[in-house]
Amino acid sequence: MSETPIAVIVRLRRELRQANPNPTTTWKELLWQIFEDLELYGISYLWTPLNDLGKPTDVFRLPVKDVCLVMNGKRTIYLQVADHGLKGRYTTIPMSEVIVSKSNTTQTPVQS
C-alpha cells in the first residue's frame, strides 16, 4: 500500500529538515496542490531531486498536465515534463526521484 499524501509530506519534511519544500512553495501550499491534483486528475507527481548521497534536496510538484510517462514494457522508467521556458522542450526526470500518489477514486478531468 502506498503512503497517503499527508504521510509523504510528513516523511519528506523530516528528511529535508527545512522550513519549506523548495524556494517558492510552503509545505501547506504543496499539500493543497497535491490534493487538487488528486481531486482533478486522480494522480499527483512530486519531484525530489537527489544529492550525491541519494538524499532529497527539495520537493517540487509536477503539474499533471505537463507530465509524459516514458515506458519500457509495463514499467515506467522516467518522466518527461514540459518546460514552458524552453518552448515545447521536455526535462527528463528519473523515476527514482519521483513520488506518485493516486486517489482511490479517479474522476474525469474537467475539460476547458
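Below or above, wherever it landed, is the structure these notes cover. (Residues numbered from 1 in each chain as written. Predicted model: local features only at pLDDT ≥ 70, side-chain atom pairs only at ≥ 80, totals over all residues. Heavy atoms only, no water.)

### Focus on the side chain of Ser44
So, step 1. For Ser44, the position within the fold is in strand E1 (residues 43-47).
So, step 2. Among the residues examined, Ser44 registers a relative accessible area of 1% and is labelled buried.
So, step 3. Look past the residues within four positions of Ser44 in its chain and what remains in contact with it is Ile34, Asp37, Leu38, Val64, Ile99, Val100 and Ser101. (Helix = DSSP H or I, 4+ residues; strand = E, 2+ residues; numbered from the N terminus. Buried < 20%, exposed > 50% of the residue type's maximum accessible area, 1.4 Å probe, protein only. Contact = heavy atoms within 4.5 Å.)

### A look at the pattern of salt bridges
So, step 1. On inspection of all chains with the given rule, the structure shows two salt bridges.
So, step 2. A salt bridge links Arg11 to Glu15; its shortest N-O distance comes to 3.0 Å. With Arg11 and Glu15 both in helix H1 (residues 5-16) and four residues apart, this pair spans about one turn of that helix.
So, step 3. One salt bridge in this structure joins Arg61 and Asp37, with 2.8 Å as the shortest N-O distance. Note that Arg61 is positioned in strand E2 (residues 60-62) and Asp37 in helix H2 (residues 27-41), a separation of 24 residues in sequence.
So, step 4. Given a relative accessible area of 2%, Asp37 falls into the buried group. (Salt bridge = Lys/Arg side-chain N within 4 Å of Asp/Glu carboxyl O.)

### What about the environment of Arg13?
So, step 1. Looking at the element boundaries, Arg13 is found in helix H1.
So, step 2. Given the relative accessible area of 45%, Arg13 is considered partly exposed.
So, step 3. Sequence spacing of Arg13 and Asp58 is 45 residues, and the spatial spacing of their C-alpha atoms is 9.7 Å.
So, step 4. With near-sequence residues (within four places) excluded, Arg13 lies in contact with Gln18 and Trp27.

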